[in-house]
Amino acid sequence: MSSSPDERADGIATAMQLVSNAAGIGAGIVMLPFGERASVRDRNARALAVESLRPLADYAGPKGVRLALELDVDAARSAEIVMGLDSPAVGVCYDLGNA
C-alpha cells in the first residue's frame, strides 16, 4: 500500500469508477489486487488499506457491488483487513498462492 496520500486517492478514484462501471453492467463483484506495488504485508500498510478502502466500501455497497480483495498476506491478516472494514460489501478473493 502506497504511503503517498495522492497515490492512494488516485487508486480509490479509479476503483470507484470501476465500481460504477460494474454496477452499470450488472457485475456484482470487483476484484482489487494487492501485491508488489500495493503490498499489505506490514501492519502500517494494512492500516492504510483499511483507511483508504472504507470510502470505497461505503460507495460500492449501495450500488450492489462487492469488493473482492486479493491480498498478499495469509488468512489471519486478510481477516484483519476485512474485519477492520466491517462492511458486507467487502470480502476476500482468496488466492492459494498467498495462503
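Comments concerning the confidence of the model for the protein chain
Argument step 1. Looking at the protein chain, the pLDDT average stands at 90 and 93% of residues meet or exceed 70.
Argument step 2. When pLDDT is averaged over each helix and strand of the protein chain, the minimum, 92, is found for helix 1 (residues 5–25) and the maximum, 96, for strand 3 (residues 90–92).

Section: helix 2 (residues 43–60)
In an α-helix, one turn spans 3.6 residues, which is why side chains three or four residues apart end up on the same side.
Argument step 1. Given a rise of 1.5 Å per residue, 18 residues ought to cover 26 Å, and the 25 Å separating the end C-alpha atoms of helix 2 matches this to within 8%.
Argument step 2. Its maximal kink placed at Leu-53, helix 2 deviates by approximately 35°, while the proline Pro-55 follows within four residues.
Argument step 3. Those residues of helix 2 lying buried are Ala-45, Arg-46, Leu-48, Ala-49, Val-50, Ser-52, Leu-53, Leu-56, Ala-57 and Ala-60.
Argument step 4. Of the surrounding secondary structure, the elements contacted by the buried residues of helix 2 are helix 1, strand 1 (29–33), strand 2 (66–70), helix 3 (75–85) and strand 3.
Argument step 5. The residue sitting at the N-terminus of helix 2 and contributing the capping side-chain oxygen is Asp-42; that oxygen lies 3.1 Å from the backbone nitrogen of Asn-44.

Quick look at the nonpolar core
Argument step 1. Core analysis: the largest hydrophobic core is formed by 23 residues, its most contacted members being Leu-32, Phe-34, Leu-53, Leu-56, Leu-67 and Leu-69.
Argument step 2. Of all the elements in the fold, those that place two or more residues in this core are helix 1, strand 1, helix 2, strand 2 and helix 3.
Argument step 3. By residue number, the principal contributor to this core is helix 2, which donates six residues.
Argument step 4. In contact with Leu-53, not counting residues within four places along its chain, are Ile-12, Leu-32, Phe-34, Leu-69 and Leu-85.

Thoughts on a nonpolar patch on the surface
Argument step 1. Side chains of Val-92, Tyr-94 and Leu-96 sit close together on the surface and give an oily, nonpolar patch of about 310 Å² of accessible area.
Argument step 2. With respect to the secondary-structure elements, Leu-96 resides in the segment after strand 3.
Argument step 3. Residue Leu-96 is classed as exposed on the basis of its relative accessible area, which comes to 69%.

Topic: the pattern of salt bridges
Argument step 1. Inspection of the entire model under this criterion finds three salt bridges.
Argument step 2. The shortest N-O distance in the salt bridge between Arg-41 and Asp-72 comes to 3.5 Å. With a gap of 31 residues between them, Arg-41 in the loop between strand 1 and helix 2 and Asp-72 in the loop between strand 2 and helix 3 connect regions that are remote in the sequence.
Argument step 3. Taking the relative accessible area as the measure of exposure, Asp-72 reaches 10% and is therefore buried.
Argument step 4. Among the salt bridges present, the one from Arg-77 reaches Asp-74, with a minimum N-O distance of 3.0 Å.

Structural notes on the packing of helix 1 against helix 2
Axis angle and axis distance: for two packed helices, these are the angle between their axes and the distance between the axes, and together they describe the pair.
Argument step 1. One can describe the packing of helix 1 onto helix 2 by two numbers: an axis separation of 10 Å at closest approach and a directional angle of 25°. Between helix 1 and helix 2, the angle is such that the two are roughly parallel. Regarding helix 1 and helix 2, the two cross each other, and that crossing is right-handed. Note on element contacts: helix 2 touches helix 1 through Leu-48, Glu-51, Ser-52, Leu-53, Pro-55, Leu-56, Tyr-59 and Ala-60, opposite Arg-8, Ile-12, Ala-15, Met-16, Val-19 and Ser-20.
Argument step 2. Each residue belonging to the contact of helix 1 with helix 2 can be placed in one class, and the counts come to 10 nonpolar, two polar and two charged.

Thresholds, definitions, all that
- Residues numbered from 1 in each chain as written.
- Predicted model: local features only at pLDDT ≥ 70, side-chain atom pairs only at ≥ 80, totals over all residues.
- Heavy atoms only, no water.
- pLDDT = per-residue confidence, 0-100.
- Helix = DSSP H or I, 4+ residues; strand = E, 2+ residues; numbered from the N terminus.
- Expected span 1.5 Å × (residues − 1).
- Bend = angle between axes of the 7 residues up to and from the residue.
- Buried < 20%, exposed > 50% of the residue type's maximum accessible area, 1.4 Å probe, protein only.
- Contact = heavy atoms within 4.5 Å.
- Polar contact = N/O pair within 3.5 Å; in protein donor to acceptor, adjacent residues only side chain to side chain.
- Core = buried A, V, L, I, M, F, W, Y, C linked by side-chain atoms within 4.5 Å.
- Patch = residues over 30% accessible without salt bridge, like charges linked within 9 Å, V, L, I, M, F, W, Y side chains within 5 Å.
- Areas by Shrake-Rupley, 256 points an atom, 1.4 Å probe, with all protein chains shown as cover.
- Salt bridge = Lys/Arg side-chain N within 4 Å of Asp/Glu carboxyl O.
- Axes fitted to C-alpha atoms, helices over the stretch in contact; angles between N-to-C directions.
- Parallel < 35°, antiparallel > 145°, perpendicular 65-115°, else oblique.
- Left-handed = near helix turned anticlockwise from the far one by under 90°.
- Nonpolar A, V, L, I, M, F, W, Y, C, P; charged D, E, K, R; others polar.

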